[in-house]
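So the chains spell out like this:
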Amino acid sequence: MMRRYLSAIACLLLALTAKAQTAAQQLDRYDVTWNSQSQNSSESMPCGGGDIGLNVWVENGDLLFYLSKSGTFDENNAFLKLGRVRVKLMPNPFEGKGFKQQLSLRTGSVTIQGSHAGVNANIKVWVDVHAPVIHVDMNANKPVKMQATYESWRFEDRIPKGRENMQGSWKWANRTDIRTRKDVISVNNNAITFYHHNLDTTVFDATVAHEGMASVKAQMTDPLRNLTFGGQMQGKDLIAAGTYSGTYLSTPYQAWKLESRSATRQQSFQITLHTEQTPDVSLWQAGLQRTVRTATNARKAWDATQAWWKSYWDRSYVHIDTDAPTKESWQVGRNYQLFRYMLGCNAFGEYPTKFNGGLFTYDPEFTNNTFKFTPDFRNWGGGLMTAQNQRLVYFPMLKSGDEDLMKPQFDFYLRALKNAELRSKVYWGHAGASFTEQLENFGLPNMVEYGLKRPAGYDAGMEYNAWLEYEWDTVLEFCYMMLETQRYTGKDIKQYVPFIESCLTFFNEHYQYLARNRGSKALDGSGHLVLYPGSGGETYKMAYNSTSTVAALKTVLTRLLELPEDHLSADARKNWQTILDRIPPISFREFNGYRTISPALTWERVNNTESTQLYPVFPWGMYGVGKPDLDVALNTWKYDTLAVKFRSGVGWKQDNIFAARLGLTEEAAKLAIFKLKDSGRRFPAFWGPGFDWTPDHNWGGSGMIGLQEMLMQVDGKMIMLFPAWPKDWDVHFKLHAPYRTTIEAKLKGGQLVDLKVFPESRKADVVSMLK
């Protein structure tokens, strides 16, 4: 009996091992391998972990990588890189034809192999997921010397001019006193230390003054003042070896060298990074040294990092046509995984992954050849957030089971809440958090987008901006994500409820305030809020009852009321139900006799190219496969002339998501291929610039969302599989659904050959939509 039991256990273990090997093998097929060196930084490869991102490439026999870490904002609120590292081996195995550079998704590392004149060497670059430490490890078959150089273009103050100011918050202000201040760089005890220390006065102060918030400045959160960031580079057997200067592309730099004491077959060095907001640089230095002292066991760190990446890949995946790597559908599956890797590199950042390049921007002239700027440049700001772009980076994390990665984005809003509430109090004397578009990391609108030349008497709380005026509702998508994390995971989200309530309070208070300023009544004749003036994205301006706002308020209020009993008091529930009853209905119109969703009841002009009339489809899920009045949403897709005109897959466009949610398989597949096929750059997932920058993260995020919706959609407790999936695309996927549910399925030859639902009790809620 015992023998049979042990035999059964052995068979089970073998089966589990085989399954693990299969999943790992599928992931390994997506590793990016280059057999030739790169021409420049635009042909770099992403590597990272924790909250650190590196662009890694080999050029003319030298290994180079840029350093980037979440939250490194200077006085101008530009998102500064932390320098560039150059590694040379002598004699150099990378001078010959034998060369290989590979990104290993399973380990999160980049390895470079080279052979020349009898010297074979391997360099592994990796980032500790649990500590801000970058490791560079070299092994060779013969003794070689290593030279590790820290290169900085911020060795002196730099005056950005014209378009270069788009990297920070000054944008087109064109002030003569704007400068990127130099870093402090020194060499002591064979270690290179570098840091940037923000002054007492930053763009925060100028913004507060310009926007009339000085009376409450002492109450406001300032994330920029005295922010200090940088690090230290050192290796056990590396010694200081002098300095030199040079120019990379259009940017001069200075360099500080470390060099091996003697030739060895093994050599490694580490770069430890640290960020702290303190007026006393010595406190930052002490914090850095604590991390240096505690991060000494590289083997233990490597094992822990591997364990984290394993759990990350095990929790979710989408593998498409894995036996047909020449098909575009295979590229779609591979690039979905590559982009999810890039998102995973900022799992624990203090700040969210930026839509305009994340941690992986490179020299800007390879995105726009007229931008001869430093590697710090990215278009559309550094600490500046654009919610309608950021949302597309974070929505896919619900179905990929990466709710832990959503924390930096949620915390961004929590930190900014106080300042946003103060805006409402100062400008209008009512409660609620006023979040605008083009939002600084301190919760105020960007000073330039707010308007540098404003008419006398113009509402001080308003952005004087044709694109952004009255665009308040994008924050509600992050309220929705917070609520959805509770529905997906079952976790307590009480910490976010006051934020959600404050955002909803703003709409209830502000639109009654505006109505009372126009006349004697705060509500319309039906007892509804009058959402005027409003906005449908940046497109339908001066809108009356914008559909995007109506759908957002209805959905968020409904989900708030569905929270567990301990999340809301009885009085709060009564209040929110009253406000839900005040939200006006969605408006409709006709095209050629077909009823469609209207962008609003009325609007004055069309300013951009967003199809907000389809926002009730996504993100708000009021229409879709298996839901009432699907024909109305389909009519909107087919017959609304502007929805048709605006249709595209570029950048933040989300027509691929609309198509998937409407069950339009052919259209969804075409747009998925456009979104997630190879980027045309050396690294396949460096899309862009689209409307923003390269790599375009809202391009990748919207591609992920669309693919997920093609595979699985949810309606209440019902889980619909393959609602818009081409039958000739074989797929093996694992995605997450509400109520702590995980779905793993295999489709082969148009047939569902394997389905695993956890917990099994949820299997009764799963419906296959295969026709």
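Residues numbered from 1 in each chain as written. Predicted model: local features only at pLDDT ≥ 70, side-chain atom pairs only at ≥ 80, totals over all residues. Heavy atoms only, no water.

Novice: Run through the overall build of the protein, naming residues and quoting values.
Specialist: Helices and strands together make up the secondary structure of the protein, namely 18 helices and 27 strands. Whereas a compact globule of 771 residues would reach a radius of gyration of roughly 28 Å, the protein reaches 27 Å, a difference of no more than 12%. For the protein, the spread of C-alpha atoms along the three principal axes comes to 85 × 75 × 50 Å. By residue count, 62% of the 771 residues in the protein fall in the buried class. For the protein, contacts bridging at least 24 residues in sequence account for 69% of all contacts bridging at least 6. Treating the 87 positive side-chain charges of the protein as one cloud and the 79 negative ones as another, the clouds have centres 4 Å apart. (Helix = DSSP H or I, 4+ residues; strand = E, 2+ residues; numbered from the N terminus. Rg over C-alpha atoms; globule rule 2.2 N^0.38 Å. Buried < 20%, exposed > 50% of the residue type's maximum accessible area, 1.4 Å probe, protein only. Contact = heavy atoms within 4.5 Å. Lys, Arg positive; Asp, Glu negative; His and termini not counted. Charge placed at Lys NZ, Arg CZ, Asp CG, Glu CD.)

Novice: Help me get a handle on the nonpolar core, residues and values and all.
Specialist: Core analysis: the largest hydrophobic core is formed by 206 residues, its most contacted members being Phe435 and Leu476. Contact partners of Leu476, with chain neighbours within four places excluded, come to Cys503, Leu504, Phe507, Ala552, Leu553, Val556 and Trp620. (Core = buried A, V, L, I, M, F, W, Y, C linked by side-chain atoms within 4.5 Å.)

Novice: Explain the sheet that holds strand β27 (residues 766-768) to me, using residue names and the numbers behind them.
Specialist: Judged by pairing direction, the sheet is mixed, and its three strands sit side by side in the order β22-β23-β27 without closing on themselves. Two strands close off the open sheet at either side, each with one partner strand: β22 (712-715) and β27. Between one strand axis and the next, the sheet turns through 25 degrees on average, direction left out of account. Running over the sheet, helix α18 (residues 697-711) touches β22 and β23 (718-721) and is turned about 75 degrees from β22. (Pairing = 2+ DSSP bridges. Axes fitted to C-alpha atoms, helices over the stretch in contact; angles between N-to-C directions.)

Novice: Any chance you could break down unusual backbone geometry for me, citing the residues and the numbers?
Specialist: Cis geometry marks the peptide bond from Met90 to Pro91; its omega dihedral reads -5 degrees. One can find Pro91 in the loop between β5 (84-90) and β6 (98-104). Each neighbour pair has its own omega, and for Phe618 with Pro619 the value is 10 degrees, a cis peptide bond. Looking at where Pro619 falls in the secondary structure, it is placed in the loop between β21 (605-606) and α14 (630-639). For Asn189, which is not a glycine, the phi torsion comes out positive at approximately 50 degrees. Along the chain, Asn189 turns up in the loop between β10 (184-188) and β11 (191-197). Of the residues examined, Asn189 reaches a relative accessible area of 76% and is grouped as exposed. In this structure, Tyr470 takes a positive phi of about 60 degrees despite not being glycine.

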